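Topology and contacts: notes
Chain by chain, the residues:
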Amino acid sequence: MNFPLAQRIGWRYFCSSRDFLRSVASIAMLGFAFSIAILVVTQAILSGFETELGKRVLSLVPHVTIQSQGGAMEVDDIETELGALSYEYRGSPEIESKVLLVVQPKSRVDDDSVRPPRGRVEAAWLIGIDPDKYSRASAVGQFVDADAMSRLTPGSFQILLGRDKARELGVTKDDFITVVVTEVTLTLVGAIRRQKRFQVAGIVDTFTFLDKETAYIHLDDAARLSRITEGITAYNLQIDDPFEAQNFVSELAPRLVRSRSPYSVSAWSSHPRFIHLEKSIVASRNMLVLIFSLVVAIAAFNLVSTVVVFVNERRQDIAVLRTLGGGRMFIGSSFLITGFMISSLGLLFGGVLGVLLGIGLEIGFPIFTELFGRNLLQAYFTKTLNVEFVLSDFLLVVIIGLSLSVLAALYPAWRAMKMDPAEILRRD
């Protein structure tokens, strides 16, 4: 078979001067290009979500959490066991509790009464931290003013609030709020909730779901509020690779069991607040790639009708080529190349269109949010749309697109191979 000649003939059919054939080829190419663009944008958005998960969310949350199963625990006991591990880690002792944040009306006089004062009330997860150690073990310090973090000193009763939580409470920096512990304490006058007045030292703006859930105070203030005389309630760690957290837990847990310490160890991937993050992204990626691959398949199989039209319009050419000695493989290859060229051009245009569309979505998303006052990502772990184009994603799109287009062009090429030149010439 003379493949270069078949290639040139396929190219001539692709660049047909007939308006009808050119229109059919253009429609098929544009449909294929749009489906490829959708697949490219989907891949880029999901890659952006994975990047946000790794670089933003997982830099803020603890990768490994050690908690006491029976009250407070000693930091020295934990650090002794951690020192024997081969992993490099950054640890932070913490006291965690569920609290209510109360903002009193401006007209009322603030006091520490027995009952929680009336006003705006929001639930929050209060974390008592050592600012120096916590800054090494978490990237939260990068999302708040340095002077705000330095204001968290023992006995200062200063608090850091997430941006969303501060908006819900209607407070800003230097305002006062009342922190009310949800657990009740039995006294001679009955069951009361402990509470303390705090001043807002700063606003933490991470653009993640943490801004709506967490508040931070100094470790000593948290101990006084929780009536913990010594020890902590949790010891959180970060490691260089957060996806190695489960292996870290597997190595640490047996040591704590042998030491007979009533501690539980868990990785971020098994935490109730984060358990669905990675799995949901991976599952969403696989499902969406499958769905939009089917869209590409539909557009690719539209090439079947396109190339069939080419075959029907070029019946006389097929008959002439066969009488001049062109074999069946030669004829089939010519139309297979025609379909391949249509899909290749559609793949190129679709890739460019997908990149432009992705860039437009990333730039336009904040404008849309500001214009309509509604964030479409408010139910997710990040509030910003990050579109990231990865070479491996492009290669996957190219493989899917070309494979489906070649499969779609096989039937018209086979049909051209089976045509009888004598029958064509007799009829025409």
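Before any of the text, the structure's been laid out above.
I will try to describe carefully the structure that is included in this document. Predicted model only: the values in this text are computed from it and were never measured.

Taken as a whole and assessed by the stated rule, the structure comprises eight salt bridges. In this structure, the salt-bridge partner of K165 is E122, at a minimum N-O distance of 3.8 Å. Of this pair, K165 sits in helix α6 (residues 163-169) while E122 sits in strand β3 (residues 120-129), and the two are 43 residues apart along the sequence. Overall, K165 belongs to the buried group, its relative accessible area being 3%. Salt-bridge contacts for D174 lead to R151; the nearest nitrogen and oxygen are separated by 3.1 Å. Of this pair, D174 sits in the loop between α6 and β5 (176-187) while R151 sits in the loop between α5 (146-150) and β4 (158-162), and the two are 23 residues apart along the sequence. Overall, D174 belongs to the partly exposed group, its relative accessible area being 37%. In the salt-bridge network here, residues are joined through shared partners; they are E122, K165, E168 and K212.

What follows covers the side chain of S226. Tracing the sequence through the fold places S226 in helix α7 (residues 219-226). Looking at S226, the relative accessible area reads 18%, which means it is buried.

Turning next to the environment of N312. If you trace the backbone, N312 turns up in helix α9 (residues 275-313). Remark: the alpha-carbon pair of N312 and R415, spanning 103 residues in sequence, is separated by 9.7 Å. If sequence neighbours within four positions are ignored, N312 has contacts with R415 and M419.

Each value, and the rule that gives it
Residues numbered from 1 in each chain as written. Predicted model: local features only at pLDDT ≥ 70, side-chain atom pairs only at ≥ 80, totals over all residues. Heavy atoms only, no water. Salt bridge = Lys/Arg side-chain N within 4 Å of Asp/Glu carboxyl O. Helix = DSSP H or I, 4+ residues; strand = E, 2+ residues; numbered from the N terminus. Buried < 20%, exposed > 50% of the residue type's maximum accessible area, 1.4 Å probe, protein only. Contact = heavy atoms within 4.5 Å.

Function cannot be read off these values alone, since they describe shape.
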